[in-house]
Amino acid sequence: VSKWLSWTFPPDWILVSGKVGRGKTTWVTGVFNDYCASRIRRYREGGPGENSLPIWMTEADLFMNADRSAAGGYSGRAVYIDRVTRSPLLVLDDLGGSRRKPTESQVSMIRYIVQNRHAHNRPTLMTSNIESWDQMERTYGDHIVSRLIESTGGMVVLDGPDRRLEEVNN
């Protein structure tokens, strides 16, 4: 993990994986909060390029909000996905968290976001309980996994005991 702590701020792309309770979300949220804190003045004053805000969401939030936005028609969904895609920093927490294969529409949404953010070099931080590229490919397909491998340079796998269970047991 130490090689990942020497990035330029914000990091370009990170995929942190591991079993439940290993601190993935806490770690990535810390990076997100540091990024937001470093830019708070620009957000308040509306500095150049600050017309969009960083976004922190779970994969389930992404799918649910896209469905809600679609109530206004196809363009509502497209506007929502475009906002997510263009945010200066995106945290997509708990990829594969539902433990079932996403629908083709959901995979297409993820593919569009990953491709577009990759093409425009927008920092993207992700977490997942999926700990191998093979399992990630079975869930999302080879196209998305290929982009993730290229963008992240590799998965950061957090190991160790479940910190929540340790707190309960101590």
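Above this note sits the structure.
Here goes a summary of the coordinates provided. (Residues numbered from 1 in each chain as written. Predicted model: local features only at pLDDT ≥ 70, side-chain atom pairs only at ≥ 80, totals over all residues. Heavy atoms only, no water.)

Here's the deal with the environment of Asp134
With respect to the helices, strands and loops of the structure, Asp134 is situated in helix H6 (residues 133–140). What makes Asp134 exposed here is its relative accessible area of 53%. (Helix = DSSP H or I, 4+ residues; strand = E, 2+ residues; numbered from the N terminus. Buried < 20%, exposed > 50% of the residue type's maximum accessible area, 1.4 Å probe, protein only.)

What to know about the packing of helix H3 (residues 59–69) against helix H5 (residues 104–119)
Running from N to C, H3 and H5 point in directions that differ by 110 degrees, and their axes come no closer than 11 Å. Judged on the interaxial angle alone, H5 and H3 are roughly perpendicular. Along the contact surface, H3 presents Glu59, Leu62, Phe63 and Ala66, while H5 presents Gln106, Met109, Ile110 and Ile113. Tallied by class, the residues present in the contact of H3 with H5 amount to six nonpolar, one polar and one charged. (Axes fitted to C-alpha atoms, helices over the stretch in contact; angles between N-to-C directions. Parallel < 35°, antiparallel > 145°, perpendicular 65-115°, else oblique. Contact = heavy atoms within 4.5 Å. Nonpolar A, V, L, I, M, F, W, Y, C, P; charged D, E, K, R; others polar.)

A closer look at the pattern of salt bridges
Tallied over the full model, the rule gives three salt bridges. Two residues, Lys19 and Glu131, come together in a salt bridge whose shortest N-O distance is 3.1 Å. Here the residue Lys19 occupies a position in the loop between strand S1 (13–17) and helix H1 (24–38), and Glu131 occupies one in the loop between strand S4 (124–128) and H6, the gap between them amounting to 112 residues. Judged by relative accessible area, Lys19 falls into the partly exposed class, the value being 46%. We note a salt bridge from Arg77 to Asp67, for which the minimum N-O separation is 3.3 Å. On the criterion of sequence distance, the pair formed by Arg77 in helix H4 (residues 74–86) and Asp67 in helix H3 is long-range, its members being ten residues apart. On the basis of relative accessible area, Arg77 is assigned to the buried category, the value being 17%. (Salt bridge = Lys/Arg side-chain N within 4 Å of Asp/Glu carboxyl O.)

Here's the deal with the sheet that holds S4
Read from one edge to the other, the open sheet built from five strands follows the order S2-S3-S4-S1-S5, with strand pairing classed as parallel. Only two strands of the sheet have a single partner each, and these edge strands are strand S2 (55–58) and strand S5 (155–157). Direction aside, the axes of adjacent strands within the sheet are offset by 15 degrees on average. Summarising the sheet, S2 and strand S3 (residues 90–95) pair through four bridges and their orientation is parallel. Each bridged residue has a counterpart across the sheet, and for Thr58 the counterpart in S3 is Asp93. The strands touched by helix H7 (residues 142–152) are S1 and S4; relative to S1, the strand with the most contacts, the crossing angle is about 110 degrees. (Pairing = 2+ DSSP bridges.)

Thoughts on the side chain of Thr127
On the secondary structure map, Thr127 appears in strand S4. Engagement of the side chain of Thr127 in a polar contact is seen with the side chain of Asp93, the distance being 2.3 Å. Those residues in contact with Thr127, other than ones at most four positions away along the chain, are Leu15, Val16, Lys24, Thr25, Val28, Leu92, Asp93, Asp94 and Leu95. (Polar contact = N/O pair within 3.5 Å; in protein donor to acceptor, adjacent residues only side chain to side chain.)

Quick notes on the pairing of S1
The buried fraction of S1 is high, at five of five residues. Note that S1 and S5 share three bridges and pair parallel. By the bridge assignment for S5, Val16 is matched with Val156.

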